[in-house]
Amino acid sequence: MQTIGQQLINGLSLGSIYALLALGYTMVYGIIKLINFAHGDIYMLGAFWGYYVINVLHFSFIAAMLSAMLFCALVGVIIEYCAYRPLRHSPRITALITAIGVSFLLENGMSYLFTANTRSFPQVIKTVTYHLGSLQISNVQLLILGTACGLMLLLELIIKKTTMGKAMRAVAVDPTAAQLVGINLNHTISFTFALGSAMAGAAGVLIGLYYNSIDPLMGMTPGIKAFVAAVIGGIGSVPGASLGGFIIGILETAVQAIGLSAYKDAVVYLVLIVILLVMPAGIFGKNVKEKV
Amino acid sequence: MRTRLKANLVWAGLMIFGFILIDGLEFAGIINTFIENMLVTIGINVILAIGLNLIIGFSGQFSLGHAGFMAIGAYATGIITPTITTIGGFYLSMFIGVIIAIIAALIVGIPTLRLRGDYLAIATMGAAEIIRLLINNLKITNGAAGIFNIPALASWATVYVIMCITTIMTVNFIHSRSGRAIMAIREDEIAAEAMGLNTTRWKLAAFVFGAATAAVGGSLHAAYIQTIAPSDFNIMASIAILIIVVLGGVGSITGTFVAAIVLGALDTILQNFGTLRMIIYSLALILIMIFKPAGLLGTWELSFKRFNRQEVADHE
Amino acid sequence: MSSPLLTATQLVKNFGGLNAISNVSVHFDQNELIGLIGPNGAGKTTLFNLLTGVTPVSAGTISLYTDHGVKTVNGQTPAQVAQAGVSRTFQNIRLFKELTVLDNVRIAMTNHYHEGFISSLLRTPKFYRTETAMTVAAEKLIAIFDLSAVADQPAKNLPYGVQRRLEIVRALATKPKLLFLDEPAAGMNPEETADLTRLIRQIQQDFHITVVLIEHDMSLVMTVVERLYVLEHGALLAEGTPREIQQNPAVIKAYLGGDA
C-alpha cells in the first residue's frame, strides 16, 4: 500500500511534466493538424534558458520559469512563422518532415553552440523532503504538481473564457468558416504556438529542477512520450492531454516499480496501441465518421 | 506488346549498364572503400524507402515503424550467419528474416490498419519501438550491446542486384490489380469498399509487402556493415527512411531513387563539416520542403513506355 | 409475377436519439426500374446506405436473392454486399480522382479477375493473360458509354457530367444485379438529364439488372420508372406506379405543401 502511494506521487510528478508537454502537441495538432516534432526541443530550450538565467543572471526560480515561458513562446511563434506557415496548404506529411527538420536543427544547433555535454541544473530551491506517514514527498515534487495543475487550469480558462480561446476553438473546428466570421487565422495560430510553447518552457525548467541534469537531446524521448500522451487522451482535447500525461507518468513509474524498467517504454506503447484499438480517437477524442 | 518488350529491354539494359559502370570504376580504383560504402548505403536505403513508399505513397497508410521490420531482418542475419558462415546461410537468414517480418507485420497490421492517418503512424511507431525494446532486452540478440563481427557475406554487387529485384517486384506490385486496389483505397476508401474491395486485406497486402522489403534491407545492412545494435533501429531510423520517401516525392519510385542518392551524397560530402554537418542537413531539409512541398519529383515516374507512346503519336 | 431480388423488412436506423429511418419495408424485383423520392432529409440516402451496408441497420432484415439462394446481407460489410451483386453511385461523386478512367473501371473488376499475387509480382504469362482480359473488358464497357476518348485521363480532369457517367460505368463494372443511383442527375441541365434518362433505361434493359434511383427531378423519375417509393421523415409515405403516386393526396401534400 505504502509503495503504491509512493509510486503514485512519483508518477504524478513525472506525469505532470508529460501533461504540460502534451498540451502543446494537442493544441497545435487540434488547430493545424501537425505533429509538431520540434515541441520536445522547445522544452529543451526552456530548460537551457532556465539554466543560463539562474546561473548567469541569478534569477529566482519564479523569474526563471516565467522568463523561460516567455522565451519559448517567442521561439514557438518564430518557428511557426518561418517553417510551418509557408507550408499551410501543402500536404501534411511535408509539414511533418519540416517539423522533424526543425527538431534536428534545434538539437544540433544547441549541441554546436553549447556542446552536447550534460550539465547539472542549478538547484535554486533547496530540496526538502516531507514525510506524510510512510510516504515521502519533496517540495520540488509539490512545486511541479502545483505549477503544472495551475498552468493547466489557466490554459483551460484561456481557451474557454477569452476571445482568443474562442477563436482557437473555432479554427480547430473549421478554419474556413472561422475566417468567414472574421477570425484572423494567422494570429490565432501564432497564439496557439505561443501558448503551447510557453507550457513546454515551464516544463523544461521544472524538469531541470527535478532531474537536475539537462542536455541538448533531452527533448527527444519526453517529446515522443508526450505526444503519445496527447494521442491517448484524445488529440485536440486539453483535458485529454492532461489525463494522458498523468496516465503515462503513472504507468512508467508503476512498471519501473515492479522491476520491469527495461520494458517501461514498451508497456507505454502497448497501452497506446490497445487504447487506440478500443477508442480510435483516444479517450476524449471525437470519432468523426465520414458522411456518405 | 512490342512497347512492353522494348521498355523492359531498356530497363534491363539500364540495370546492367549501372552494374558494369560501378564494376568498371571499382576496377579502375575511382571507387574507393569510402565511396563504395556510400553506394551500398544508398542501395540499402532505396530498398527500405521503396517499401515504405509503397505503404505511404501508394496505399496511403502512414506507417512510422519501418525500422522495426528492418531490425527483424538485420537480427535474423546477425544471429544466423555467424553459425552458418556461407552465402547460403546468408540467404537463408534473409529468408527467415522476411518470414518473421511478414508475421510481425500481420500481427501489427491486422489490428492497427483500421486506424487512420496520424493515429496509424503513432501506432506503428509504437509497434516498432516494442520490437526494438524486445531486441534490446533479449539474450539471443545480445541486448543493448548488439552483435559484432557478422560475417561479410554481402558485397556491393549483392546489394545492387537485390535492390534491382526489390524495385522490379515493387513496381510490378504497383502495376497490377493489387496496386490499383491499394491506390483506390488511398483515393477513396468508402468508394473502394462499395466496389467490393476488402480494404483491410489490400491495405495489409501493401503493409506486409513493405515490411518484407524492409527485412531484406535490414539483412543486407547487417551483412555489409557487420555490426548491429538496437539503437540503429530506433524512431530516428524510421524517420530517416520516411525523409527519403517524402523528399523524393510521396508516390514516386523514381523520386525515392533520386532522394536516396541526393541524401547519400549530401551525407558523404558533409562528413568533412564535423559538427556543422547535421545543422546543414536539417536546414537543407527544411528549405527543400518549403520550396518543393511535393518532394523533388512529386509523383513523376521515369517510364520508357510513355516515351514510346509519344513517339507513336509523333509519327502519326 | 416477377421474381424478387431484394427484400428489406422493417428497417430501422437511429442516429443517437434521431429516428432516421423507421420501419421501412421495400422490395425490388428482377429487372425493375424503381424510383425513390422524397423531400430533403427524408432519409433516401440513409436508406441506400443501409441497403448497401455502408451504415449498419439498427433493426430489420435485408435479404438478397442470389444465384446461390437467399442471403441475409444486413450486418455485412459494404464489400461483402457489393460482392453479392449490389453496386452504387454516390450523391457527391466518389471517383478515384487521381487514377485514370480505365483504372477506375478496372478497379471495380478486381474481384472478377484473379491474376494471383505472386504471379503479378513475377509477371508470369497468367498475369498478362488476366490483365489483358480485364483491360479488354474494361475498354469495352468504356466504349459503350462513350468514354474511350478520355480513357487515359485522370478522373479529376473530367467535366462534372462525365464524372457522373463514369461513376455509373464503374458501378456496372462490378457486374451487379442491383444498382443504386444516388441523384444521378444532380447538377445537370435539362438536356443532360434527358440523355441520362435514356441511358439509365438502356442500362437497365441491356444489362438485365434492377436499377433503383433517388431523384429530386420529378420529371425524370415519372417518365422513366415503373414503380416508386416515397419517403418522408424517415417513413414510407406511399408506394405505387408513377400515375398512382401523382394522384396520391398524401404525396401531393408532402411535396406541394398544405395548399395543394
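Residues numbered from 1 in each chain as written. Chains lettered and ligands numbered in written order. Predicted model: local features only at pLDDT ≥ 70, side-chain atom pairs only at ≥ 80, totals over all residues. Heavy atoms only, no water.

So, the overall build of chain C
Point 1. A count of helical and extended segments in chain C gives ten helices and ten strands.
Point 2. Against the globule reference of 18 Å for 260 residues, chain C gives a C-alpha radius of gyration of 19 Å, in line with a compact fold.
Point 3. C-alpha atoms of chain C, sized along the principal axes, occupy 65 × 40 × 40 Å.
Point 4. Looking at chain C as a whole, 53% of its 260 residues are labelled buried.
Point 5. A sequence separation of at least 24 residues applies to 67% of the contacts in chain C between residues at least 6 apart. (Helix = DSSP H or I, 4+ residues; strand = E, 2+ residues; numbered from the N terminus. Rg over C-alpha atoms; globule rule 2.2 N^0.38 Å. Buried < 20%, exposed > 50% of the residue type's maximum accessible area, 1.4 Å probe, protein only. Contact = heavy atoms within 4.5 Å.)

Remarks on unusual backbone geometry
Leave glycine aside and you will find that most residues have negative phi; peptide bonds, for their part, are mostly trans.
Residues and elements named next belong to chain A.
Point 1. Residues other than glycine seldom take positive phi values, yet His58 does so here, at roughly 55°.
Point 2. Relative to the assigned elements, His58 resides in the loop between helix H2 (39–55) and helix H3 (61–84).
Point 3. On the basis of relative accessibility, which here comes to 63%, the residue His58 falls in the exposed class.

A word on the layout of surface pockets
Point 1. Computed from the structure, the second largest pocket encloses a volume of approximately 1200 Å³.
Point 2. In this structure, the second largest pocket is lined by 38 residues; those nearest its centre are B:Thr41, B:Asn45, B:Ala240, B:Asp267 and B:Arg277.
Point 3. Secondary-structure elements contributing two or more residues to the lining of the second largest pocket are helix H4 (92–114) of chain A together with helix H2 (33–58), helix H9 (199–225), helix H10 (235–248), helix H11 (253–270) and helix H12 (276–291) of chain B.
Point 4. Counting residues per element, the lining of the second largest pocket draws most heavily on H2(B), at nine residues.
Point 5. Here the residues of the lining of the second largest pocket are counted per class, giving 23 nonpolar, eleven polar and four charged. (1 Å grid on protein atoms, 1.4 Å probe; cavity = no way out; pocket = protein on both sides within 12 Å on 5 of 7 lines; lining within 4 Å. Points joined across faces, edges and corners; volume = space filled by probe spheres on them. Nonpolar A, V, L, I, M, F, W, Y, C, P; charged D, E, K, R; others polar.)

With respect to the interface of chain B and chain A
Point 1. Tallying the contact residues gives 38 residues for chain B and 44 residues for chain A.
Point 2. Counting the surface lost from both chain B and chain A, the interface buries some 3600 Å², and carbon and sulfur atoms represent 82% of this.
Point 3. Contact with chain A buries surface across chain B, with B:Asp118, B:Tyr119 and B:Ile122 losing the most and accounting together for 16% of the total.
Point 4. Seen at the junction of chain B and chain A, the total is one salt bridge.
Point 5. Where B:Asp118 meets A:Arg92, a salt bridge forms, and the shortest distance between an N and an O atom there is 2.2 Å.
Point 6. Counting the contacts that link chain B with chain A gives five residue pairs in polar contact (both at pLDDT 80 or more).
Point 7. Looking at the side of chain B that touches chain A, the elements with two or more residues in it are helix H4 (87–112), helix H5 (117–137), H10 and H12 of chain B.
Point 8. Here the side of chain B that touches chain A takes twelve residues from H5(B), the largest share from any one element.
Point 9. Among the residues forming the side of chain B that touches chain A, the class breakdown is 30 nonpolar, five polar and three charged. (Buried area = accessible area lost by both parts, 1.4 Å probe. Salt bridge = Lys/Arg side-chain N within 4 Å of Asp/Glu carboxyl O. Polar contact = N/O pair within 3.5 Å; in protein donor to acceptor, adjacent residues only side chain to side chain.)

Concerning the pattern of salt bridges
Pairing of side chains with opposite charge becomes possible as their charged atoms draw close.
Residue and element names in this part refer to chain C.
Point 1. The full count for this structure, using the stated rule, is 23 salt bridges over all chains.
Point 2. Notably, a salt bridge pairs Arg106 with Glu131, separated by 3.7 Å at the nearest N-O pair. Here Arg106, found in helix H3 (residues 101–108), pairs with Glu131, found in helix H5 (residues 125–144); they are 25 residues apart in sequence, far enough to count as distant.
Point 3. Owing to a relative accessible area of 12%, Arg106 belongs among the buried residues under this scheme.
Point 4. Of the residues examined, Glu131 reaches a relative accessible area of 11% and is grouped as buried.

Re the domain arrangement of chain C
Residues and elements named next belong to chain C.
Point 1. Domain parsing of chain C yields domain 1 (1–85 + 176–259) and domain 2 (93–174).
Point 2. Tallying the contact residues gives 15 residues for domain 1 and eleven residues for domain 2.
Point 3. Taking both partners together, domain 1 and domain 2 bury about 1100 Å²; carbon and sulfur atoms supply 76% of that area.
Point 4. Sorting the residues of domain 1 by area buried against domain 2 places Pro176, Leu199 and Phe207 first, and these three jointly supply 37% of that buried surface.
Point 5. Summed over the shared surface of domain 1 and domain 2, the number is two residue pairs in polar contact (both at pLDDT 80 or more). (Domains from an automatic or database assignment.)

Observations concerning empty space enclosed by the protein
It is a probe the size of a water molecule, rolled over the atoms, that shows where empty space is left.
Point 1. Tallying each qualifying case throughout the model produces four cavities of 30 Å³ or more.
Point 2. Each pocket or cavity is described by its volume, and for the largest cavity that value is around 120 Å³.
Point 3. Put simply, the parts of the chain that give the lining of the largest cavity at least two residues each are H4 and helix H9 (220–233) of chain A together with H5 of chain B.
Point 4. The element best represented in the lining of the largest cavity is H9(A), accounting for four residues.

A short note on the sheet that holds strand S5 (residues 69–72) of chain C
All names here are of chain C.
Point 1. The four strands are arranged S2-S1-S4-S5 in an open sheet whose pairing can be described as antiparallel. Looking at strand neighbours, the two that pair on one side only are strand S2 (18–29) and S5, the edges of this open sheet. Direction aside, neighbouring strands of the sheet carry axes that sit 20° apart on average.
Point 2. When strand S1 (residues 4–15) meets strand S4 (residues 59–66), the two strands line up antiparallel, connected through five bridges. Residue Leu6 lies in a different strand from S4, and its bridge partner there is Leu64.
Point 3. Those strands touched by helix H1 (residues 44–51) are S1, S2 and S4, and its axis lies near 115° from that of S1. (Pairing = 2+ DSSP bridges. Axes fitted to C-alpha atoms, helices over the stretch in contact; angles between N-to-C directions.)

Regarding H1(C)
Point 1. Across the eight residues that make up H1(C), a large majority, eight, are buried.
Point 2. Positive backbone phi, approximately 80°, marks C:Gly53, located one or two places after H1(C).

Points about the packing of aromatic side chains
Point 1. Summed over all chains, the structure comprises 20 aromatic pairs over all chains.
Point 2. Their ring planes at 75° and their centres at 6.4 Å tell us that B:Trp156 and B:Tyr160 sit as a pair that is edge-to-face. In this pair, B:Trp156 and B:Tyr160 both sit in helix H6 (residues 156–174), four residues apart, roughly one turn of the helix. No difference in accessibility class separates B:Trp156 from B:Tyr160, as the two residues are buried.
Point 3. Seen from their ring centres, C:Phe145 and C:Phe207 are 6.5 Å apart, and the 20° between their planes marks the pair as stacked. Here C:Phe145 is found in the loop between H5 and helix H6 (160–173), whereas its partner C:Phe207 is found in the loop between helix H7 (190–206) and strand S8 (210–214), with 62 residues between them in sequence.
Point 4. Its relative accessible area of 29% is what places C:Phe207 among the partly exposed residues.
Point 5. Here the aromatic cluster, defined as three or more aromatic residues joined through ring pairs, consists of C:Phe28, C:Phe48, C:Phe180 and C:Tyr229.
Point 6. It is B:Arg201 that lies over the ring of B:Trp202; its NZ or CZ is 4.8 Å from the centre.
Point 7. Over the aromatic face of C:Phe96 sits the side chain of C:Arg170, whose NZ or CZ is 4.6 Å from the ring centroid. (Phe/Tyr/Trp six-rings, centres within 6.5 Å; stacked < 30°, edge-to-face > 60°. Lys NZ or Arg CZ within 6 Å of the ring centre and 35° of its normal.)

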